[in-house]
Protein chains: 2
Amino acid sequence: MSKLLDDLAAILGDGLLQTEAERNARARDTWMRSQIPVSAGSPVVPPLAVCAPSSSEELAAVVRACIAHDTAMIPRGGGSGVVGGVLANADSVVLSTERMTGLRAFSSTDLLATFGAGTNGLEAEQRMQAEGLSIGHWPQSIELSTVGGWVATRASGQYSTFFGNIEDMVYSLQAVLADGSIYRSRATPRASAGPDLRHLLMGGEGTLGVITEVTFSVRQQPESEVRQAFHFGDFDAGLEAARKLMRAGWRPAVLRLYDGRESWRHFRERLPKGNAMLILAHMGPAALTAVEADAVSTICESNDGVAAADEVVDGWFEHRNTVPTWDELLAQGIVADTIEIAADWTRLPKLYRAVIDALEAVEGVVAASAHSSHAYRSGANLYFTVAATPAVPEDYTSTYDAFWSAAMNAAASVGAGLAHHHGVGRVRRDWMREELGIGGLSMLRSVKKAIDPHGLMNPGVLVP
Amino acid sequence: MSKLLDDLAAILGDGLLQTEAERNARARDTWMRSQIPVSAGSPVVPPLAVCAPSSSEELAAVVRACIAHDTAMIPRGGGSGVVGGVLANADSVVLSTERMTGLRAFSSTDLLATFGAGTNGLEAEQRMQAEGLSIGHWPQSIELSTVGGWVATRASGQYSTFFGNIEDMVYSLQAVLADGSIYRSRATPRASAGPDLRHLLMGGEGTLGVITEVTFSVRQQPESEVRQAFHFGDFDAGLEAARKLMRAGWRPAVLRLYDGRESWRHFRERLPKGNAMLILAHMGPAALTAVEADAVSTICESNDGVAAADEVVDGWFEHRNTVPTWDELLAQGIVADTIEIAADWTRLPKLYRAVIDALEAVEGVVAASAHSSHAYRSGANLYFTVAATPAVPEDYTSTYDAFWSAAMNAAASVGAGLAHHHGVGRVRRDWMREELGIGGLSMLRSVKKAIDPHGLMNPGVLVP
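Residues numbered from 1 in each chain as written. Chains lettered and ligands numbered in written order. Predicted model: local features only at pLDDT ≥ 70, side-chain atom pairs only at ≥ 80, totals over all residues. Heavy atoms only, no water.

A:Leu351, A:Phe384, A:Phe403, B:Leu351, B:Phe384 and B:Phe403 are the most contacted members of the largest nonpolar core, which has 136 residues in total. Setting aside residues up to four positions removed in sequence, B:Leu351 forms contacts with B:Ile341, B:Ala343, B:Leu382, B:Phe384, B:Ala411, B:Val414 and B:Ala416. Residues A:Met169, A:Leu173, A:Ala419 and B:Ala419 belong to the second largest nonpolar core, which totals 122 residues. (Core = buried A, V, L, I, M, F, W, Y, C linked by side-chain atoms within 4.5 Å. Buried < 20%, exposed > 50% of the residue type's maximum accessible area, 1.4 Å probe, protein only. Contact = heavy atoms within 4.5 Å.)

What follows is the structure, given as structure tokens:
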């Protein structure tokens, strides 16, 4: 392997990171399961080396060198993923986008902004805000994640119901494919020119290549924002109101419905126990948000929704990205995770109950709840939170696996989509046959083999 | 080949169409270039047979039989394509979706409707309208095209600026792949579960498989529609107004700007010669269309737009799908076509002039004009119409090829996207390297080889 390291050093210079601290810091993402042994004192397994190229061309040379040395490559952005999409071992090399950063091209007239894939999400958004613009993508991870990671994982942001998901924001992209070639998609607002190949990279989770540059179709910062909240007798009643307002053609940027448990946890002074809180933020031209807020209010009230104080929404905005670290939870003996699933409106109440019941039946689970945070004409997501307090640390991993299995099997039995926006990584990999079907899985394997014939790009992720 | 026909007859029964009339009627799409020899009296070259299976399973058996006999397969929907995506020869078999029709599943609650791929577009839309709903996809070809064809070609409809393009309407789909396997995408409103494999079929133009069933996320019929029109001193001024109203966050379903030539052709009593007419239709909840119409009117007027009578828009709605047939034009000695291209706002004026100049420089061209009919935050399409009157019929095909070459090369030189919504077929195939880049073309070829290892599915289309 020292020959590979020599080759990489020749390509990268000081972009080859070899100290143990540098390698340890980039060996993983933020998967709870990989944190369990580390919190218990096991050492992190560092990769052989971390490659931090400055350009697509450098990265392409790195990929070719790794292929020549039959060495697995693990693409990595901000490391904020929570499904085990980044997990190095001692024989693999991490491909980090950390030196491919910053705004590279920008046209306010065209609302186009090109960023290096390693650009921190919040920095990219703030750069646009300085121009009076916005990318419009606000994942909870925005302070940690990278724009390339957003695209590679098909991420969703908190304002997706109006602004869309990441695939609705990408104008064009550049990637180094698993064979060391460079792909640049055509920069055009829309094309009917064969399959949209960008979609192989969007959601590819680094198994087909590494995204190196992303051009967003950005937008003006919304002229106005109107916040409102309503609570409903139960979660199903809130879902029904959400369905109706989507059906009527309204698109609040934030449309977030908490079940009775989470509503009581967050808003107990604002509603009766068991009621479900719906928080809404309307964004856009002032004339639009005014009529939207009125119309949505009418729909909520005619569905027995009770208006809550606007401060409910303000509180959510203030605390929306505050979450405990896995380490903090593990220190309290808590094994936890979030599991996002999607389904059509008819299935959502069944899905909610099936997953909650399945989670609660797992030994050690002490809390299971959900909210819906991304809505569409034909359905919405559910975002489950589960916490367990296994009797002994030796049970942490098996408990974690058990509640994931329970949730995935329950969701599959209801016919739901098994992954809304966190991706597959390792945690959902064994349910990909269920998700894609036999035909789809065979198609995914064919594509993987075609683009990554050596099987060296992020092995172990996505493809069972 | 009689062994193949025996095998197909055993699978299909009377779904195997073998008369010359049946085969001739399904040998082609509506490509002007393939009409030229036929109008001149050359016989149509019919396929060996037409297979019209009734189910995905039957079609899968047909595909496996064709593979066993090393026979090329030509998928066909309504035959309304205009780029040569369907063109049989005497050794190939046409796979027609004509017997896979009708509404197969429907949920008004979920706004989900599943149609057989061969369902006529207008019939599908009317079926939804009977429920108070709409697919929202209104291509000019709606009376001729099929829902499967819409998806296979990544089509756009006349209301796309609000309702989106076909990829924004598809919820899930089913297809028989080139290897005879059946692919069913997961029915879920949104997924982060690997690459969105539906995108290999959307725009695949039948080169990777045949779409057999499409589920749309439909919508309520708009509660209201407000029409208005404005004319501008020239095309560029109209584009600038369109850019500004998109930037402000408004989304008129119809946003259609004619250049001076087309405006004079269609609306000469309504504007000064040279002015560009913008027609708009706002659709949605009444409260929304009212404020949108007001805001858009303000933007147009502050960009020196002059309000035109609403009847201008009514006239467009009435005549929007009335176009002469190629045969009618050829009978008058006219060779013509439409060429749709897309670019960002900054490039559009340059693109307009470059393509018009290039078309006018082609010997025999007597008219070249354009309108823009699909707008986005970051750009729009241009839809060119070109007509030539070659001196002699022997020059028809070479003139046709010359004006296509001129338009494609001019568009490429400006950095535009070479195909907005008609697809690639045969007419744009030789520009796919330009459109996709070397990396993209190599990726497309890898995918094609992976999904269609025998190279028997719609050969000659899309992939150069």
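Read on for the rest.
This brings us to the sheet that holds strand 4 (residues 93–96) of chain A. Residue and element names in this part refer to chain A. The strand order 1-2-4-3 describes an open sheet built from 4 strands, whose pairing is mixed. The sheet is open, and its two borders are formed by strand 1 (16–17) and strand 3 (73–76), each paired with just one other strand. Looking at chain direction, strand 3 and strand 4 are connected through 4 bridges and run parallel. Pairing of arginine 76 across the sheet is with serine 96, part of strand 4. Where helix 4 (residues 56–68) meets the sheet, its contacts fall on strand 2 (49–51), strand 3 and strand 4, and the angle it forms with strand 4 comes to roughly 165°. (Pairing = 2+ DSSP bridges. Helix = DSSP H or I, 4+ residues; strand = E, 2+ residues; numbered from the N terminus. Axes fitted to C-alpha atoms, helices over the stretch in contact; angles between N-to-C directions.)

Two aromatic rings, taken as a pair, are described by how far apart their centres are and by the angle between their planes. Residue and element names in this part refer to chain A. Enumeration according to the criterion identifies 22 aromatic pairs over all chains in this entry. Ring centres 5.8 Å apart and planes at 40° place the aromatic pair tryptophan 138 and tyrosine 159 in the tilted group. Here tryptophan 138, found in the loop between strand 7 (133–134) and helix 6 (147–152), pairs with tyrosine 159, found in the loop between helix 6 and helix 7 (160–163); they are 21 residues apart in sequence, far enough to count as distant. Ring centres of tyrosine 159 and phenylalanine 317 lie 6.3 Å apart, and the angle between their planes is 55°; this geometry places the pair in the tilted category. Of this pair, tyrosine 159 sits in the loop between helix 6 and helix 7 while phenylalanine 317 sits in helix 12 (residues 311–319); the two residues are 158 residues apart in sequence, bridging distant segments of the chain. In terms of burial, tyrosine 159 and phenylalanine 317 fall into one category: buried. Sitting over the face of the ring of phenylalanine 317, arginine 227 holds its NZ or CZ atom 3.8 Å from the ring centroid. (Phe/Tyr/Trp six-rings, centres within 6.5 Å; stacked < 30°, edge-to-face > 60°. Lys NZ or Arg CZ within 6 Å of the ring centre and 35° of its normal.)

Turning our attention to the packing of helix 1 (residues 2–12) of chain A against helix 4 of chain A. Residues and elements named next belong to chain A. The geometry of helix 1 relative to helix 4 is characterised by a closest axis approach of 10 Å and an angle of 170° between their N-to-C directions. Relative to helix 4, the element helix 1 is oriented roughly antiparallel. Between helix 1 and helix 4, the residues in contact are Leu4, Asp7, Leu8, Ile11 and Leu12 and Glu58, Ala61, Val62, Ala65 and Cys66, respectively. Residues belonging to the contact of helix 1 with helix 4 are distributed by class as follows: 8 nonpolar, no polar and 2 charged. (Parallel < 35°, antiparallel > 145°, perpendicular 65-115°, else oblique. Nonpolar A, V, L, I, M, F, W, Y, C, P; charged D, E, K, R; others polar.)

Residue and element names in this part refer to chain B. Here strand 8 (residues 170–177) lies mainly inside the structure; 8 of its 8 residues are buried. Bridge analysis of strand 8 against strand 10 (residues 209–217) gives 7 bridges, and the strand direction is antiparallel. Within strand 10, the position partnered with leucine 173 by the bridge is valine 214. As judged from the 3 bridges shared by strand 8 and strand 9 (residues 182–184), these two strands associate in the antiparallel manner. Across the sheet, alanine 175 pairs through a bridge with tyrosine 183, a residue of strand 9. Adjacent in sequence and paired antiparallel, strand 8 and strand 9 are bridged by 4 residues, among which glycine 180 carries a positive phi angle near 90°.

This brings us to helix 14 (residues 347–360) of chain B. Residue and element names in this part refer to chain B. Taking 1.5 Å as the rise per residue, helix 14 with 14 residues should run 20 Å; its terminal C-alpha atoms sit 20 Å apart, in good agreement. Buried within helix 14 we find Leu348, Pro349, Leu351, Tyr352, Val355, Ile356, Ala358 and Leu359. Where helix 14 is buried, its residues touch helix 9 (235–247), helix 10 (260–267), strand 16 (335–344), strand 17 (365–372), strand 19 (379–388) and helix 15 (396–414). (Expected span 1.5 Å × (residues − 1).)

The subject of this paragraph is the pattern of salt bridges. Residues and elements named next belong to chain A. Using the criterion set out here, one finds 42 salt bridges over all chains in the structure. Glutamate 213 is the partner of arginine 104 in a salt bridge, and the nearest nitrogen-oxygen pair spans 2.8 Å. Note that arginine 104 is positioned in strand 5 (residues 103–107) and glutamate 213 in strand 10 (residues 209–217), a separation of 109 residues in sequence. Classification of arginine 104 by relative accessible area gives partly exposed; the value is 37%. (Salt bridge = Lys/Arg side-chain N within 4 Å of Asp/Glu carboxyl O.)

To continue, consider the interface of chain B and chain A. Contacts between the two partners involve 86 residues from chain B and, on the opposite side, 86 residues from chain A. For the pairing of chain B and chain A, the buried interface totals around 6,800 Å² over both sides, and the portion due to carbon and sulfur atoms is 54%. Put simply, B:Arg190 and A:Glu167 hold a salt bridge, and the shortest N to O gap is 2.6 Å. The tally of links between chain B and chain A comes to 43 residue pairs in polar contact (both at pLDDT 80 or more). Among the elements that make up the side of chain B that touches chain A, the one with the highest residue count is helix 16 (residues 432–451) of chain B (12 residues). Class assignment for the residues of the side of chain B that touches chain A results in 45 nonpolar, 26 polar and 15 charged. (Buried area = accessible area lost by both parts, 1.4 Å probe. Polar contact = N/O pair within 3.5 Å; in protein donor to acceptor, adjacent residues only side chain to side chain.)

The two copies are related by a screw operation: chain B maps onto chain A through 180° of rotation and 0.0 Å of translation along the axis, at an RMSD of 0.0 Å. Put plainly, the chains are arranged around a two-fold axis. The fraction of interface residues of chain B whose copies in chain A are also interface residues reaches 100%, indicating that both copies meet through the same surface. (Least-squares fit on C-alpha atoms with pLDDT ≥ 70 in both.)

Quick look at unusual backbone geometry now. For A:Asn458, which is not a glycine, the phi torsion comes out positive at approximately 50°. Within the secondary structure, A:Asn458 is located in the segment after helix 16 (432–451). Although it is not a glycine, B:Asp304 adopts a positive phi angle of roughly 65°. Counting through the fold element by element, B:Asp304 comes out in the loop between helix 11 (286–302) and strand 15 (306–308).

All names here are of chain A. Neither face of strand 4 is left uncovered, since the one carrying Val93 and Leu95 and the one carrying Val94 and Ser96 both have all their residues buried. Alignment of strand 2 against strand 4, held across 3 bridges, turns out to be parallel. Note that in strand 4 the partner of cysteine 51 across the bridge is leucine 95.

Attention now moves to the sheet that holds strand 9 (residues 182–184) of chain A. Strand order across the open sheet formed by 5 strands is 5-6-10-8-9 (chain A), with antiparallel pairing between neighbours. Each of the sheet's edge strands pairs with one partner strand only, and the pair in question is strand 5 and strand 9 of chain A. Neighbouring strand axes in the sheet, compared pairwise and without regard to direction, differ in orientation by 10° on average. Packing against the sheet, helix 5 (residues 121–129) of chain A makes contact with strand 5 and strand 6 (112–116) of chain A, and its axis sits at approximately 150° to strand 6 of chain A. Along the sheet face, helix 16 of chain B touches strand 8 (170–177) and strand 9 of chain A and points at about 110° away from the line of strand 9 of chain A.

Attention now moves to the side chain of B:Ser107. For B:Ser107, the position within the fold is in strand 5 (residues 103–107). At 3.0 Å, the side chain of B:Ser107 forms a polar contact with the backbone nitrogen of B:Asp110.

Function-wise, these values are silent; they only describe arrangement.
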